[in-house]
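# Fold and contact review
Take a look at the letters that make up each chain.
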Protein chains: 2
Amino acid sequence: MSYIAEDIVCDAPAGRIEGTSAYRAFMEPFVQNLRGAAMIAAFGDDETALVMYDTTTVPVPSAPGAECVTVKEGKIIYSRLLFDRTPFQAARQMTATHRAEETHAACQSQ
Amino acid sequence: MSYIAEDIVCDAPAGRIEGTSAYRAFMEPFVQNLRGAAMIAAFGDDETALVMYDTTTVPVPSAPGAECVTVKEGKIIYSRLLFDRTPFQAARQMTATHRAEETHAACQSQ
């Protein structure tokens, strides 16, 4: 978080996130589930960096992302973040279904 | 399609697409619904281009995408394509629901 400006603005697939607290709350569950990352391509100039990477997460084995960040005085002040939400939603639904089945089985065994 | 190599390989959110015919079939519905596009950032070197752009489409007003393409002899031989499928799926579901409601209304009015 040391490269993130206090007043960061991040346009993510689900909408805008503003400020470090909201950004941290948004990133934390992803980072906790992160198992690996590989850079696909990274380019930039004095104030912009554009990167594409693939990540391995607990719920989704391959979850590529792309990010276009604007840097000012050594800190990221803006991030346009792009990833496909579909596999994450599918994984969440699967977990919910699994939990419901477990609850159902537990109730039946009583 | 003149910049697309015959044996293009495109890794898209839903999986791999190989060859110009499959690539055209994949792109056609998107291009037909495309109403506008704006480049967010574009970088590259001799053989790689990394771009992020925003698009306006009929079903989804803002559908950003990112693409990392490999160029060989002036043609794109590989494309790693990234976009969020969620709003497109939501739009499709909405259309399906709307059609079902229309059918239902039409049946009731008979």
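Scroll up to find the structure this text is about.
Residues numbered from 1 in each chain as written. Chains lettered and ligands numbered in written order. Predicted model: local features only at pLDDT ≥ 70, side-chain atom pairs only at ≥ 80, totals over all residues. Heavy atoms only, no water.

## Some words on the sheet that holds strand S5 (residues 65–72) of chain A
Residue and element names in this part refer to chain A. With mixed pairing, 6 strands are arranged side by side in an open sheet as S2-S1-S6-S5-S4-S3. The open sheet has two edge strands, strand S2 (15–18) and strand S3 (34–44), and neither has a second partner. Taking each pair of neighbouring strands and ignoring which way they run, the sheet shows an average axis angle of 20°. Inspection of the sheet shows S3 paired to strand S4 (residues 48–57) by 9 bridges, in the antiparallel sense. (Pairing = 2+ DSSP bridges. Helix = DSSP H or I, 4+ residues; strand = E, 2+ residues; numbered from the N terminus. Axes fitted to C-alpha atoms, helices over the stretch in contact; angles between N-to-C directions.)

## Regarding the pairing of strand S6 (residues 75–83) of chain B
All names here are of chain B. As defined by bridge partners, strand S1 (residues 4–12) adjoins S6 across 4 bridges and the pair is classed as parallel. In the strand pairing of S6, Asp11 is matched with Arg80. Of the strand pairs in this sheet, strand S5 (residues 65–72) and S6 are connected by 8 bridges, and their pairing is antiparallel. Its bridge partner lying in S6, Thr70 is registered against Tyr78. The loop that links S5 with its antiparallel partner S6 comprises 2 residues; one of these, Glu73, has a positive phi angle of about 50°.

## A short note on the interface of chain B and chain A
If you look at the interface, chain B gives 26 residues, while chain A gives 26 residues. Carbon and sulfur atoms supply 73% of the area that chain B and chain A bury against each other, a total of about 2,000 Å² over both sides. On the surface where chain B and chain A come into contact, there are 4 salt bridges. B:Asp54 serves as the salt-bridge partner of A:Arg80, at 3.7 Å between the closest nitrogen and oxygen. Sorting the residues of the side of chain B that touches chain A by element identifies strand S3 (34–44), strand S4 (48–57), S5, S6 and helix H2 (86–108) of chain B as the ones contributing at least two each. (Contact = heavy atoms within 4.5 Å. Buried area = accessible area lost by both parts, 1.4 Å probe. Salt bridge = Lys/Arg side-chain N within 4 Å of Asp/Glu carboxyl O.)

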